[in-house]
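Coordinates in review
Residues per chain, in single letters:
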Amino acid sequence: MNKIRTKINKDTNYIFHMMSVSKCGYDNSYGETYRIYHNEDDLKALNQYARLLTVCGGVYIGELYCLLVISPACAEQTAIEYYSEIYDLFYSADDSKDVVRQYKKYRNEICDISRIMKSNYTIYTEKIWPVSEPVITEYAKAIEMKFNDHNFSEQAEKLVGEKFKFDAFYATMCNSLAYGAEAIDISDNQDVFGIDRSFEDAFYFIGHEFIIYLLKQALVQTSAFKSFETWGITEGLAEFYMIQIMGNSRFFKEQLKYANYYKQIYAIHPEYTAKDLYLIALKDFNEDY
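Figured I'd write up the structure that's included with this text. (Residues numbered from 1 in each chain as written. Predicted model: local features only at pLDDT ≥ 70, side-chain atom pairs only at ≥ 80, totals over all residues. Heavy atoms only, no water.)

**Points about the pattern of salt bridges**
- Applying the stated criterion across every chain yields a total of 12 salt bridges.
- Lys146 serves as the salt-bridge partner of Glu200, at 3.1 Å between the closest nitrogen and oxygen. Placement of the pair is Glu200 in helix α11 (residues 199–218) and Lys146 in helix α9 (residues 121–148), with a sequence separation of 54 residues.
- One salt-bridge network, in which partners are shared between bridges, spans Lys3, Glu157 and Lys163. (Salt bridge = Lys/Arg side-chain N within 4 Å of Asp/Glu carboxyl O. Helix = DSSP H or I, 4+ residues; strand = E, 2+ residues; numbered from the N terminus.)

**Considering the side chain of Asp112**
- Within the fold, Asp112 resides in helix α8 (residues 107–119).
- At a separation of 2.8 Å, a polar atom in the side chain of Asp112 contacts the side chain of Arg115. (Polar contact = N/O pair within 3.5 Å; in protein donor to acceptor, adjacent residues only side chain to side chain.)

**Focus: the environment of Glu81**
- One can find Glu81 in helix α6 (residues 79–92).
- Placed 76 residues apart in sequence, Glu81 and Arg5 show a C-alpha to C-alpha distance of 27 Å.

**Topic: unusual backbone geometry**
- One non-glycine residue, Tyr179, lies in the positive phi region at around 65 degrees.
- Here Tyr179 lies in the loop between β4 (169–173) and β5 (184–187).
- Even without a glycine there, the phi angle at Ala183 is positive, about 50 degrees.
- As for its position among the elements, Ala183 is in the loop between β4 and β5.

**Overview of α6**
- Between its terminal C-alpha atoms α6 stretches 20 Å, which fits the 20 Å expected from 14 residues at 1.5 Å a residue.
- Residues Ala79, Tyr82, Tyr83, Ile86 and Phe90 constitute the buried set of α6. Seen along its axis, α6 keeps its buried residues to an arc of 85 degrees; they face one direction.
- Its buried side turned inward, α6 meets α1 (10–21), α5 (65–73), α7 (98–102), α8 and α9. (Expected span 1.5 Å × (residues − 1). Buried < 20%, exposed > 50% of the residue type's maximum accessible area, 1.4 Å probe, protein only. Arc of directions from axis to C-beta. Contact = heavy atoms within 4.5 Å.)

**Observations concerning the pairing of strand β6 (residues 190–193)**
- Burial along β6 is two-sided: the face carrying Gln190 and Val192 and the face carrying Asp191 and Phe193 are both buried.
- The pairing of β4 with β6 spans 4 bridges and is classified as parallel. When the bridges of β6 are listed, Met173 appears paired with Phe193.
- Here β5 pairs with β6 via 3 bridges, running antiparallel. Directly across from Ile184, in β6, lies its bridge partner Val192.
- Linkage of β5 to β6, two consecutive antiparallel strands, is achieved through a turn of 2 residues. (Pairing = 2+ DSSP bridges.)

**Here's the deal with the nonpolar core**
- Grouped together as the largest cluster of nonpolar side chains are 97 residues, with contacts concentrated most on Phe16, Leu53, Phe152, Ile211 and Leu237.
- The element contributing the most residues to this core is α11, with 12 residues.
- Excluding residues that lie within four positions of it along the chain, Phe152 makes contacts with Ile4, Phe147, Phe203, Gly207, Phe210, Ile211, Met242, Ile245 and Met246. (Core = buried A, V, L, I, M, F, W, Y, C linked by side-chain atoms within 4.5 Å.)

**Observations regarding the environment of Lys146**
- Accessibility expressed as a relative area gives 28% for Lys146, which makes it partly exposed.
- Sequence separation between Lys146 and Ala202 is 56 residues, and the spatial gap between their C-alpha atoms is 9.8 Å.
- Setting aside residues no more than four positions away along its own chain, Lys146 makes contact with Phe199, Glu200 and Phe203.

Next comes the structure, spelled out in structure tokens:
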């Protein structure tokens, strides 16, 4: 049974919409189209905080990325509720709260960002989401249908040797992510993806990330996913399994040297687990972690 599902959420889309219109990690035609709806000073202010609010795969994570992007993107509450609570907490400077102590040095920045995210929410929900929702929904349905017609998740689980620990892996779709970070893991079973690829390319990209989630389970007792330094060999291992399923690769070209390496080892030792392959690569590529 297919475990890869698509998801559409207004609040998740709002957060990345604001990142796009303010050029925080995204500079595309979407942002250019919708920038006019927002206060110019708000967008300039957000842009000044771009380094704190963005991520670059395998390179860095902004200091406020988890608090002000990832956590609200999970959409366990509405974005306006989330940012209102964060604003109130940090404006009051209540040091009895762990989160306030943890981010104390960024108190002014957090208050300013939260204020902006609160004040622009209604603009998005009233003027932009009604236009965006049907476009995202149509794309998401087509992607999920492709996974429903292919036993991809079952094959991936068999190859990696791990059953995904949740009932489903959710690809949450957003229409504002062109030319910026994607495959953004916002929870243990949810990633954020754009809608600018062909359906076939999206299938490969989302499939690769589902394998990454399986590897997080398979490699939990190793150094994988604990530092940027091991990013190449973990991505390469995921792409190796992707090639085993699909017969070819469409992305992650820089990691193909690792994928080809795993292919050679696996041809000799098909009994090797994902952990076996990772640990051998860790040694052979002189990754001292």
